[in-house]
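# Structural characterization, general
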2 protein chains.
Amino acid sequence: MSKKCIITISRQYGSGGRIVGKKLAELLKIPFYDKEIITMAAKESGYAEETFERAADAATHSLLYSLSMYGSGMGFSGLSLNDKVFLIQSEIIQKAALNSCVIVGRCADYVLRKEKNCIHFFIYSDIDSRVHRATTEYGLAEEKAKEVILKKDKRRASYYAYYTGEKWGQIDRYDLAINSDSIGVDETVAVLGQYVQAWKKR
Amino acid sequence: MSKKCIITISRQYGSGGRIVGKKLAELLKIPFYDKEIITMAAKESGYAEETFERAADAATHSLLYSLSMYGSGMGFSGLSLNDKVFLIQSEIIQKAALNSCVIVGRCADYVLRKEKNCIHFFIYSDIDSRVHRATTEYGLAEEKAKEVILKKDKRRASYYAYYTGEKWGQIDRYDLAINSDSIGVDETVAVLGQYVQAWKKR
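These notes cover the structure that comes with them. All values reported here derive from a predicted model rather than from experimental measurement.

Calculation notes
- Position numbers for residues count from 1 along each chain, tracking the sequence in the order it is written.
- Whichever chain is written first becomes A and whichever ligand is written first becomes 1, with later ones labelled in order.
- In view of the model being predicted, local features appear only for residues whose pLDDT reaches at least 70, and side-chain atom pairs are presented and counted only at 80 or more, with totals across whole chains, interfaces and linings using the full set of residues.
- With hydrogens and water excluded, all non-hydrogen atoms of the structure serve as input to the side-chain values.
- Any two residues whose heavy atoms approach within 4.5 Å at even a single point are treated as in contact.
- What gets called buried area is simply the loss in accessible area from a 1.4 Å probe that two parts show on being joined, summed for both.
- Each reported salt bridge corresponds to a side-chain nitrogen of Lys or Arg within 4 Å of a carboxyl oxygen of Asp or Glu.
- Counted as a polar contact is a pair of N or O atoms within 3.5 Å, where, for protein atoms, one must be capable of donating a hydrogen and the other of accepting one, and residues adjacent in sequence contribute only when both atoms are in side chains.
- Going along the chain from the N terminus, every DSSP run of H or I of four or more residues is numbered as a helix, and every run of E of two or more is numbered as a strand.
- A simple rule labels every residue: compare its accessible area, found with a 1.4 Å probe on the protein chains alone, to the largest value its type can have, and call it buried under 20%, exposed over 50%, or partly exposed in between.
- Only strands joined by at least two bridges in the DSSP assignment are considered to pair.
- Working definition: rings of Phe, Tyr and Trp (its six-membered ring) pair if their centres are within 6.5 Å, and the pair is stacked with planes under 30 degrees apart, edge-to-face with planes over 60 apart, and tilted otherwise.

## Structural notes on the interface of chain B and chain A
Contact with chain B, which involves 24 residues of that partner, is made by 24 residues of chain A. Counting each side, the surface lost to burial between chain B and chain A is near 2100 Å², with a carbon and sulfur contribution of 58%. The interface formed by chain B and chain A holds two salt bridges in total. A salt bridge links A:Lys201 to B:Glu187; its shortest N-O distance comes to 3.1 Å. Applying the counting criterion to the chain B and chain A interface returns eleven residue pairs in polar contact (both at pLDDT 80 or more).

Here you go:
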């Protein structure tokens, strides 16, 4: 029986992190979770999917007070919507991690920080490649692309800091970090695939 | 004829970056430069090797004024010893980079920033593994190891900031960054080797 292997992918916006994660999951023949997590969480909690997406986008302030309330028995109902979303997503992530899978975003690397059978990757790229990808693949208008990209990264860093108290994108938080456009997405997936094989042998 | 490929290795102290670089050079059958650069530079300039080593260790302040003087014709003799060391080392690095090679440290990634046929790796590890390596392989005393390691990193970051104006260890400065102890040194070398093969195909 193959050793369990959960892979979390954190990524800069426009770096192709999601597609790298998806192709890696296909290569390894394991499930892939991204917005699907939101959908699962929405169904589980009864909230509308849209509400989840907006909440996930808007998180910008400290969670420490909220979490301490939650932990001290004040109850889930005392939390803001944003915090409820995060906690439900985290439960979904932990459930998914009972088996090998690839999870993109959602602070999964932090949620699964105590999980031993877990590899954390960070995908990034240079700004020009990200602008190119965002305009040709994500449909962003060229004149606004760079601004949107940098804003999205800031929000991710904010979201991460808010929910984890840690620094998103800090080099030593990950097992491996890679510029997806230095050798291209497909070769990046191949290198990560080889990393996973080496990891399984350890 | 094989495409030229220069590999720079930046690394946290105690992460095994040097041995990873050395084994990678052996795998790729190309020259490896580390302290050897200092020796070559020393011979070239007539300074004693010891002087170079001390100067490289002690650099902590801004080079911008010195470099502008150098560039504006004031001459090499107007520079401090530290700056002379750095400039001579940089010339040696540029000479080495006329052919494929692996270069560890010495701000080589910055010196060769305009070189197209260049891959920049960053090697790091968790503090406990670094302490273990530093005590068992580098001979550091156990009670002081952690302190020495963190100090060495600070000095490297300082040295780098001083001579380049840039931030050492910032994730997107490199093509790939890897925790050398997640899968072990030999497997790390194998992953980097595969990365290089993929890079040559691009």
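Here the narrative resumes.
## Things to note about the environment of B:Leu24
All names here are of chain B. Mapping Leu 24 onto the fold places it in helix H1 (residues 17-28). The buried category is assigned to Leu 24, whose relative accessible area is 0%. Here the alpha-carbon distance between Leu 24 and Gln 194, two residues 170 residues apart in the chain, equals 10 Å. Dropping the residues within four chain positions of it, Leu 24 is found in contact with Ile 7, Phe 121, Val 189, Leu 192 and Gly 193.

## Observations concerning the pairing of strand S5 (residues 176-179) of chain B
Side chains of S5(B) alternate between two faces, with B:Leu176 and B:Ile178 and B:Ala177 and B:Asn179 buried alike. Relative to S5(B), strand S5 (residues 176-179) of chain A is paired through three bridges, and the arrangement is antiparallel. By the bridge assignment, A:Ala177 is partnered in S5(B) with B:Ala177. As paired strands, strand S4 (residues 118-124) of chain B and S5(B) are joined by four bridges and run parallel to one another. Within S5(B), the residue paired with B:Tyr124 across the bridge is B:Asn179.

## A closer look at the packing of aromatic side chains
A ring pair, where both rings are aromatic, is described by two values, the distance of the centres and the angle of the planes. Taken as a whole and assessed by the stated rule, the structure comprises 18 aromatic pairs over all chains. Here the aromatic rings of A:Phe122 and A:Trp168 are separated by 5.4 Å at their centres, their planes lie at 70 degrees, and the arrangement is edge-to-face. Taken together, the residues A:Phe122 in strand S4 (residues 118-124) and A:Trp168 in the loop between helix H8 (142-164) and S5 connect sequence positions 46 residues apart. Owing to a relative accessible area of 1%, A:Phe122 belongs among the buried residues under this scheme. With a relative accessible area of 16%, A:Trp168 lands in the buried category. For the pair B:Tyr162 and B:Tyr163, a centre-to-centre distance of 4.3 Å together with 50 degrees between the ring planes defines the contact as tilted. What makes B:Tyr162 buried here is its relative accessible area of 5%.

## Description of the pattern of salt bridges
Residues and elements named next belong to chain A. All chains considered together, the criterion is met by 18 salt bridges over all chains. As a salt-bridge pair, Asp 181 and Arg 133 come within 2.9 Å of each other at their nearest N and O atoms. Placement of Asp 181 in the loop between S5 and helix H9 (185-201) and of Arg 133 in helix H7 (residues 127-136) is noted, with a sequence separation of 48 residues between them. Given a relative accessible area of 7%, Arg 133 falls into the buried group.

In short, geometric facts, not functional conclusions.
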